[in-house]
Amino acid sequence: MHRCTKGITSLAVVAFAAAAFACAAATGDSAKEASKADKKTATAAALSPTSTVATIGDKTITLQDVDAQAAGALVKVRQDEYEARRQALEGLVNEEVVAKEALAKKVSKEDLIKKEIADKVADPPQSDIDTFYEQNKTRFGAQTKEQIAPQIALMLKGQKMQDAQRAYYKTLRQKYGVKTLLEPPRTIVAVDDDASKGPAKAPVTIVEFSDYQCPYCSRAEQTVTEVLKKYGDKVRLVYRDYPLSFHQNANIAAQASECAKDQGKFWEMHSAMFANQSKLTQNELVETAGGISGIDKEKFKACLDSGKFKDEVQKDFDEGVKAGVTGTPTFFINGIPIVGARDLASFSDIIDSELERKQ
């Protein structure tokens with residue numbers, strides 16, 4: 001999950017984290033470690049879901065009992081394993097297509113990258129630096145714009161460099177007919193009868209587990225809007241509730257969204273609550289609903305007072321737990337988890353890959 005940091009330097013570090021990780025030195029005897037890992041994997045693969053893994057007298061515990069108890073941790077382990085393989089595969093593929101293109105143009109790989117990526121990324125204009133500072137100045141403490149401007153410029157240029165690199169590699173992959181067959185781990189997540197946008201038969205379904213009081217969920221709303229705008233009928237969004245216990249108004253807000261849905265105004269109430277997360281008490285929710293055209297305020301109040309949808313909200317939460325959700329927002333894109341207030345590119349990487357698979 002993405003969290004706020006105290007300064008722009010941390011953001012710059014995050015922007016270049018992938019490069020830093022790639023330079024890390026390996027430790028230990030990799031061949032022996034790989035052999036041990038293979039043996040462990042083979043042992044685990046030999047077990048079926050109904051295999052007994054423990055007995056207590058006449059009581060047996062099966063592997064599926066253990067997996068159900070450890071669902072959240074196992075989802076993360078499987079996703080981490082896939083991500084490690086995916087990143088390694090991406091590196092190998094990118095290295096190969098760059099080598100092919102450099103050979104075709106009779107230049108070195110270094111010169112090709114410099115010409116096609118680095119030389120095309122200009123320093124950010126002062127207006128971009130000013131805008132970023134104004135939007136984030138509360139995070140910079142006593143530092144002035146003049147003091148922090150060089151770091152802002154470095155970070156913004158780094159982001160543009162990453163975007164340019166991603167776009168160029170994508171062009172080369174298309175040119176040389178790259179098709180990756182590494183299958184990501186998927187979690188089966190029911191869509192139930194929850195509120196949705198987009199056609200039911202869309203090739204990509206995004207199930208979002210979110211919390212109306214979570215600041216990161218509010219931040220993710222903009223990205224979700226951008227995703228729906230970019231992909232249109234190719235994407236369906238399904239919203240499910242996951243009110244965190246330490247957000248005292250999250251559960252009643254989730255119930256309020258269901259009461260609004262009961263009157264055909266789910267998305268209007270949904271947007272209104274995320275737009276003003278400081279007004280989520282029960283009385284404030286009634287007032288918010290009363291200001292939405294088409295909602296009968298008294299009917300809405302009666303619905304909220306009765307707890308009509310309390311069980312529905314709990315059902316969403318329980319299914320989120322089973323799917324391995326541990327924080328918000330969590331999205332499942334055709335069953336592939338993505339956690340936190342991520343950017344459009346993070347969603348696009350998965351969605352584009354899923355659309356390619358459908359072709």
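Criteria and thresholds
Residues numbered from 1 in each chain as written. Predicted model: local features only at pLDDT ≥ 70, side-chain atom pairs only at ≥ 80, totals over all residues. Heavy atoms only, no water. Helix = DSSP H or I, 4+ residues; strand = E, 2+ residues; numbered from the N terminus. Expected span 1.5 Å × (residues − 1). Buried < 20%, exposed > 50% of the residue type's maximum accessible area, 1.4 Å probe, protein only. Contact = heavy atoms within 4.5 Å. Pairing = 2+ DSSP bridges. Axes fitted to C-alpha atoms, helices over the stretch in contact; angles between N-to-C directions. Polar contact = N/O pair within 3.5 Å; in protein donor to acceptor, adjacent residues only side chain to side chain. Parallel < 35°, antiparallel > 145°, perpendicular 65-115°, else oblique. Core = buried A, V, L, I, M, F, W, Y, C linked by side-chain atoms within 4.5 Å. Phe/Tyr/Trp six-rings, centres within 6.5 Å; stacked < 30°, edge-to-face > 60°. Salt bridge = Lys/Arg side-chain N within 4 Å of Asp/Glu carboxyl O.

1. Side note on helix H10 (residues 250–261)
Phase 1: Relative to the 16 Å expected for 12 residues at 1.5 Å per residue, H10 spans 17 Å between its end C-alpha atoms, a close match to the ideal helical length.
Phase 2: Within H10, 10 of the 12 residues are buried, which leaves it mostly tucked inside the rest of the structure.
Phase 3: Along H10, the positions that sit buried rather than exposed are Ala250, Ile252, Ala253, Ala254, Gln255, Ala256, Ser257, Glu258, Cys259 and Ala260.
Phase 4: Buried-residue contacts for H10 involve strand S5 (235–241), helix H11 (266–275), helix H12 (282–290), helix H13 (297–306) and helix H14 (310–322).

2. A closer look at the sheet that holds S5
Phase 1: Pairing within the open sheet is mixed, and its 5 strands lie in the order S3-S5-S4-S6-S7. Only two strands of the sheet have a single partner each, and these edge strands are strand S3 (196–197) and strand S7 (336–339).
Phase 2: Looking at chain direction, strand S6 (residues 330–333) and S7 are connected through 4 bridges and run antiparallel. Across the sheet, phenylalanine 331 pairs through a bridge with isoleucine 338, a residue of S7.
Phase 3: Docked against the sheet, H14 engages strand S4 (204–210) and S5, running at close to 110° with respect to S5.

3. Quick notes on the environment of tyrosine 231
Phase 1: On the secondary structure map, tyrosine 231 appears in helix H9 (residues 215–231).
Phase 2: In this structure the C-alpha to C-alpha distance between tyrosine 231 and aspartate 352, which are 121 residues apart in sequence, comes to 9.6 Å.
Phase 3: With residues near it in sequence (within four places) discarded, tyrosine 231 still touches Ser348, Ile351, Asp352 and Leu355.
Phase 4: At 2.7 Å, the side chain of tyrosine 231 forms a polar contact with the side chain of aspartate 352.

4. Re the packing of helix H5 (residues 71–105) against helix H8 (residues 145–175)
Phase 1: Interhelical geometry of H5 versus H8 gives an angle of 75° and a closest axis separation of 10 Å. Relative to H8, the element H5 lies roughly perpendicular. Note on element contacts: H8 touches H5 through Tyr168, Tyr169, Leu172, Arg173 and Lys175, opposite Glu90, Val93, Asn94, Val97, Val98 and Glu101.

5. A few points about the nonpolar core
Phase 1: One finds Ile206, Met269, Leu285, Phe300 and Ile351 to be the most contacted residues of the largest nonpolar core, which totals 44 residues.
Phase 2: Broken down by element, the residue count for this core peaks at 7 residues, all from H9.
Phase 3: In this view, isoleucine 206 contacts Val227, Val235, Arg236, Leu237, Val238, Phe331, Phe332, Ile333 and Ile351; residues no more than four positions away in its chain are not counted.

6. Details of the packing of aromatic side chains
Phase 1: Tallying each qualifying case throughout the model produces 9 aromatic pairs.
Phase 2: Both rings, one in phenylalanine 209 and one in phenylalanine 332, keep their centres 6.1 Å apart while their planes meet at 85°; by these two values the pair is edge-to-face. Taken together, the positions of phenylalanine 209 in strand S4 and phenylalanine 332 in strand S6 put the pair 123 residues apart, joining distant regions of the chain.
Phase 3: Summarising the aromatic geometry, the rings of tyrosine 239 and phenylalanine 266 are spaced 5.9 Å apart at their centres and angled 55° between planes, so their arrangement reads as tilted.

7. Let's talk about the pattern of salt bridges
Phase 1: In total, this model carries 27 salt bridges according to the counting rule given.
Phase 2: Two residues, arginine 240 and aspartate 316, come together in a salt bridge whose shortest N-O distance is 2.7 Å. With arginine 240 in strand S5 and aspartate 316 in helix H14, this pair connects stretches of sequence that are 76 residues apart.
Phase 3: Residue arginine 240 is classed as buried on the basis of its relative accessible area, which comes to 0%.
Phase 4: Here glutamate 319 makes a salt bridge to arginine 240, at a shortest N to O gap of 2.7 Å. With glutamate 319 in helix H14 and arginine 240 in strand S5, the pair connects residues that are 79 residues apart, well separated along the chain.
Phase 5: The class of glutamate 319 is partly exposed, set by a relative accessible area of 23%.
Phase 6: Put simply, Glu101, Lys105, Glu116, Lys120 and Lys175 are held in one network by salt bridges that share partners.

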